[in-house]
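Fold and contact review
As a plain string of letters, each chain reads:
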Amino acid sequence: MENKKLLRISERLEKVAVQLELFYVMASDLAGIVKRLEAVTSRLEAVAGGGTDSPPGDDTGSLAPFVQAYDDILAGPFAKVVVLSQQIGGDVNTQVESVRRAFQAQREFIVQVAKCREPTQDVLGKMLQPTAEQISAVQSFREGHRASKLFNHLSAFSEAIPALGWVTMNPKPAPYVKEMKDAGMFYTNRVLKDFKEKDNRHVEWARAWIQTLMALHDYVKEHHT
């Protein structure tokens, strides 16, 4: 019994270590991030027409096609995730707010990179910080609510939300998104099994979350590889 308990603790610590490593890469190792984002920045500037000297946060004027494509995800499958999370309520409704803020922070990031010509290390750090903070918030919420009756839902969010770290995965960010999607599917499959004959809202929620991740994968593959 004691060995099983130690094994569970060890597995939990390994997951926490992975989460901390992701946060460190996104929020602390700025020198490495600068190098990995050079290719991303070049692609974004090329699509946007070379970029401008607009300050970060300035979202005026016409949107670049890749921003519009990202907005399609937010207004499509992800919007359904948010609505269904609110209907399910409880811990899922609480956690989805951090998920929503993470996706919104990423939108701001891709807009800023396209508009800032050759952003400095300090600027890049400020751009990435909001996304990193919300990813950490999503994962911390799951770890703090392991006794939740909706733990599989919380885990589906927590395991897949690192997909937003695709911006640091050069030269093949799309496969990374798929990897995170597959990690989330382990838990969405549990949700489907538990609620298939009980509450269709949970079934639709699980499907909408996977659809969101698939859409993100296709988006990254089309616009950023």
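Here the structure is a predicted model, which is why all the values come from computation and not from measurement.

Parameters at a glance
- Residues numbered from 1 in each chain as written.
- Predicted model: local features only at pLDDT ≥ 70, side-chain atom pairs only at ≥ 80, totals over all residues.
- Heavy atoms only, no water.
- Helix = DSSP H or I, 4+ residues; strand = E, 2+ residues; numbered from the N terminus.
- Buried < 20%, exposed > 50% of the residue type's maximum accessible area, 1.4 Å probe, protein only.
- Contact = heavy atoms within 4.5 Å.
- Areas by Shrake-Rupley, 256 points an atom, 1.4 Å probe, with all protein chains shown as cover.
- Axes fitted to C-alpha atoms, helices over the stretch in contact; angles between N-to-C directions.
- Parallel < 35°, antiparallel > 145°, perpendicular 65-115°, else oblique.
- Left-handed = near helix turned anticlockwise from the far one by under 90°.
- Core = buried A, V, L, I, M, F, W, Y, C linked by side-chain atoms within 4.5 Å.
- pLDDT = per-residue confidence, 0-100.

In terms of helices and strands, the protein chain carries 9 helices and 0 strands. The secondary structure elements of the protein chain, listed N-terminal to C-terminal, are α-α-α-α-α-α-α-α-α. Burial status across the protein chain gives 47% buried among its 225 residues. Counting only contacts in the protein chain whose residues sit at least 6 apart along the sequence, the fraction spanning at least 24 positions is 77%. Accessible surface for the protein chain amounts to roughly 11,300 Å². Of this, 54% is attributable to carbon and sulfur atoms.

This part covers the packing of helix α5 (residues 90–115) against helix α6 (residues 121–143). Between α5 and α6, the least distance of the axes is 8 Å, while the angle of their chain directions is 165°. Between α5 and α6, the interaxial angle falls into the category roughly antiparallel. In this structure, the crossing between α5 and α6 has a hand that is left-handed. Contacts from D91, T94, Q95, S98, V99, R101, A102, A105, Q106, F109, Q112 and V113 of α5 reach α6 at M127, L128, P130, T131, Q134, A137, V138, F141 and R142.

Counting 54 residues, the largest nonpolar core has W205, W209 and Y219 as the members making the most contacts within it. The biggest single contributor to this core is α5, with 10 residues. Once residues lying within four places of it in the same chain are set aside, the contact partners of Y219 are F66, A69, Y70, I73, I110, W166 and H224.

Below, the discussion takes up the environment of F157. Here F157 lies in helix α7 (residues 151–160). The class of F157 is buried, set by a relative accessible area of 0%. Between the C-alpha atoms of F157 and A206, which are 49 residues apart in sequence, the distance is 9.9 Å. Setting aside anything within four residues of it in sequence, one finds F157 in contact with V81, S85, V92, Q95, V96, V99, V138, W205 and W209.

A word on the confidence of the model for the protein chain. Put simply, the protein chain has an average pLDDT of 80, and 71% of its residues get 70 or more. Scored below 50 in pLDDT, residues 2–34 makes 38 contacts in the model with residues more than four places away or belonging to other chains. Note that pLDDT drops below 50 for residues 50–58; the model gives that stretch 21 contacts with residues more than four away or on any other chain.

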